[in-house]
Structures are given as C-alpha cells and as structure tokens.
Amino acid sequence: MDYDSVADELYALRPEEFTAARASAMASARTAGDRELAGRIGALRKPSLAAWVSNLLVRNSPGEVEPLLRLGESLRQAHQDLDGAQLRELSRRQHALIRALSLQARQLAKEAGHPIGEGVQREVENTLHAVLADPEAARAWAGGRLTKPLDAAVGFPAVAAGARPQRPAPAPAPSRRPDRKTGEQRRRRLDRAREEAEAAERELRELRDEAVAAGRAAEEAKRQVDALQRHVEELTGELERIRGEHQQARFAERTARERARTADRRVREAGRKAATAAAQLERLTSSDA
C-alpha cells in the first residue's frame, strides 16, 4: 500500500463511496503500522460532484488530456506575444473543445450513474477554462484528484475581431474602475470563502456521521462480544458438568469391574468347594455300600 495508489483508487470512486473507502484505507494503513500514511489518507478530501466529473473525464478519456494542455500552452503563449490572429483562431478552438469535453463529461457521469444538471456542467466548463489559463490548474486537473471545481474567474482577455493586440493600449483615464475591480475581487474571495466554509461544514457532517456509525458499530460489536462471552461461560459450565459426570461414570465403571472380578473369583471358589464336597460325598457313599 502506498499513498499515490490509494489516492488514485479513492478519486476513481463515486462520491458516495469515497468516505467509507477512505476510512477502510486508513484502517488498513494503521493495521500495517504506518500511522503517517494513515494520516495522509485521512487528509484526502471528498470531491464535489463537479470535481468528481472533471476527474472522471481525465480518467476515462486520457486521450483528451494532452490536446487540451497543448491548447492552453498555445493560448498562453499567444497572449504573451499579443498575436491577434493566432488568438482568434485558438479562441475558436478553445470554445469548441471545451463544449465538446463538457458534453463528454456529462455523458460519462450519466453512464456512471450520476446524471448532472446545467449548473454542474458549467462548473466543469469553468474548470476547463481554468486549465487553459493557468498551468498550475492544468497540472492539478491532469492529476485526476480535484476536490472542488477550479476557478476560471481570472482568464484570458477577450480578443475582438478588429483588435490590434500588437500595439499597446493607452493608459486608462482615472476612473472608479479600480474600485469596481477591487470590489469584484473581494466578491470572488468572499464567494470562495463561502464555498470553502460550506465544504468544511459538509465534511464535518460527514465525519460526524462516520463517528456516529462507528459508535453504533462498536456498540453492536460489544453486544455480540458480551453474548458470545455468556455463551462461552454457559458452555464452560456445561463442559465442567459433563467432565464431572464422566469422572463419576469412570469411577462407577471401575467399581463395577472390581465387583465383577470379585464375584467371578467367589464363583470359582464356590465351584471348587462344591466339587470337593461332591467327591467326598461320593466316597462316603461308596464305602457304606
């Protein structure tokens, strides 16, 4: 058992199977004496539905991973070079590929028994946009172990059909835009904080449910142990009683055998006496005649 193989197995499971499988893997690691591994496994977070679908796409369509990663590299390079023509071409490819992949992910989720709605599909598409815009997001997605959808709030700037990105734009006039931008960033941070708080609350509820289930299982196991202990005690008492009866029976057997031997000896002695008496009687009878 090693961390990577366990993590890959867990994130390949359906969301409702994750928590129980993680607890089982932790128990196996503890049984093997590897408390560090058990701790690392316990730190693995259950994926949201959108994250699970994104992981499902990576695992079930490995041939689609590399084209998306290459497209992201090309898009980032084109933005860096301010190549308008290349950006427009890559942008068309971007929208077509992301739409195709999100539909494919939706179909995979349906086949796996978890049909998704438009909201989850949008989260999957946002994740794919983030993969194109951010190399770190791309590496995380390609690993197939996402726990929540990736944030695509910071993406590529739009490239209009008549734009000339080769020429630097003039400095913007003073306005209230920075304030609005700051407010937008704060809103996004607040949304992320809320999502993380909700995820933490869900995780806490899951852990509490696990603890309650484990407590019930422990109580049931204790009841079974107590019942078996009582049964053992009953069987032990029965065994002692049978042993006593067995000893008594053996003693009675020895006594009976001894009495039988004594009786046989007395019969033989009586037989000899009877034979002697008969012979004496016969002699006396003969002499009188």
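Below is a short write-up of the structure. (Residues numbered from 1 in each chain as written. Predicted model: local features only at pLDDT ≥ 70, side-chain atom pairs only at ≥ 80, totals over all residues. Heavy atoms only, no water.)

**Brief notes about the nonpolar core**
Then, number 1: Counting residues in hydrophobic clusters, the biggest one holds 32 residues, and the most contacted among them are Val 53, Leu 57, Leu 68, Leu 128, Val 131, Trp 141 and Leu 150.
Then, number 2: Elements supplying a minimum of two residues to this core: helix 4 (49-60), helix 5 (62-81), helix 6 (84-111), helix 7 (118-133) and helix 8 (135-142).
Then, number 3: Beyond its immediate stretch of four places on either side in the chain, Leu 68 contacts Leu 97, Leu 101, Leu 128, Val 131, Leu 132 and Trp 141.
Then, number 4: Formed by 12 residues, the second largest nonpolar core is a distinct cluster that contains Leu 10, Tyr 11, Ala 25 and Leu 37. (Core = buried A, V, L, I, M, F, W, Y, C linked by side-chain atoms within 4.5 Å. Buried < 20%, exposed > 50% of the residue type's maximum accessible area, 1.4 Å probe, protein only. Helix = DSSP H or I, 4+ residues; strand = E, 2+ residues; numbered from the N terminus. Contact = heavy atoms within 4.5 Å.)

**A few points about the packing of aromatic side chains**
Then, number 1: Counted by the stated rule, this structure contains 1 aromatic pair.
Then, number 2: An angle of 50 degrees between the planes, with centres 5.3 Å apart, marks the rings of Tyr 11 and Phe 18 as tilted. Exposure class is identical for Tyr 11 and Phe 18. Each is buried.
Then, number 3: The cationic tip of Arg 40 hangs over the ring face of Tyr 3; the distance from NZ or CZ to the ring centre is 3.8 Å. (Phe/Tyr/Trp six-rings, centres within 6.5 Å; stacked < 30°, edge-to-face > 60°. Lys NZ or Arg CZ within 6 Å of the ring centre and 35° of its normal.)

**Brief notes about the packing of helix 2 (residues 15-31) against helix 3 (residues 35-42)**
Then, number 1: Orientation of helix 2 relative to helix 3, taken along the N-to-C sense of each, is 170 degrees, at an axis distance of 7 Å. Relative to helix 3, helix 2 is oriented roughly antiparallel. Packed against helix 2, whose contacting residues are Arg 22, Ala 25, Met 26, Ala 29 and Arg 30, the element helix 3 presents Leu 37, Ala 38, Ile 41 and Gly 42 at the interface.
Then, number 2: Residue composition of the contact of helix 2 with helix 3, by class: 6 nonpolar, 1 polar and 2 charged. (Axes fitted to C-alpha atoms, helices over the stretch in contact; angles between N-to-C directions. Parallel < 35°, antiparallel > 145°, perpendicular 65-115°, else oblique. Nonpolar A, V, L, I, M, F, W, Y, C, P; charged D, E, K, R; others polar.)

**Digging into the side chain of Asn 55**
Then, number 1: You can see Asn 55 is positioned in helix 4.
Then, number 2: For Asn 55, a relative accessible area of 0% corresponds to the buried category.
Then, number 3: Contact partners of Asn 55, with chain neighbours within four places excluded, come to Tyr 11, Pro 47, Gly 144, Arg 145 and Leu 146.

**Topic: helix 2**
Then, number 1: With 17 residues, helix 2 should reach 24 Å at 1.5 Å per residue; the first-to-last C-alpha distance of 25 Å fits that figure.
Then, number 2: In the stretch just after helix 2, Gly 33 is the one whose phi turns positive, near 85 degrees. (Expected span 1.5 Å × (residues − 1).)

**Observations regarding the packing of helix 1 (residues 3-11) against helix 3**
Then, number 1: Here helix 1 crosses helix 3 at 30 degrees, and the two axes come no closer than 11 Å. Between helix 1 and helix 3, the interaxial angle falls into the category roughly parallel. Crossing of helix 1 over helix 3 shows right-handed handedness. On the side of helix 1, the interface is formed by Tyr 3, Val 6 and Leu 10, while helix 3 contributes Leu 37, Arg 40 and Ile 41.
Then, number 2: Of the residues that constitute the contact of helix 1 with helix 3, the class distribution is 5 nonpolar, no polar and 1 charged. (Left-handed = near helix turned anticlockwise from the far one by under 90°.)

**Looking at helix 8**
Then, number 1: Of the positions making up helix 8, those classed as buried are Ala 137, Ala 138 and Trp 141. Around the axis of helix 8, the buried residues are gathered within 105 degrees of arc, so they sit on the same side. Turned more than 90 degrees away from the buried face of helix 8, the exposed residues are Glu 136 and Arg 139.
Then, number 2: Immediately downstream of helix 8, the backbone of Gly 144 shows phi near 70 degrees, a positive value. (Arc of directions from axis to C-beta.)

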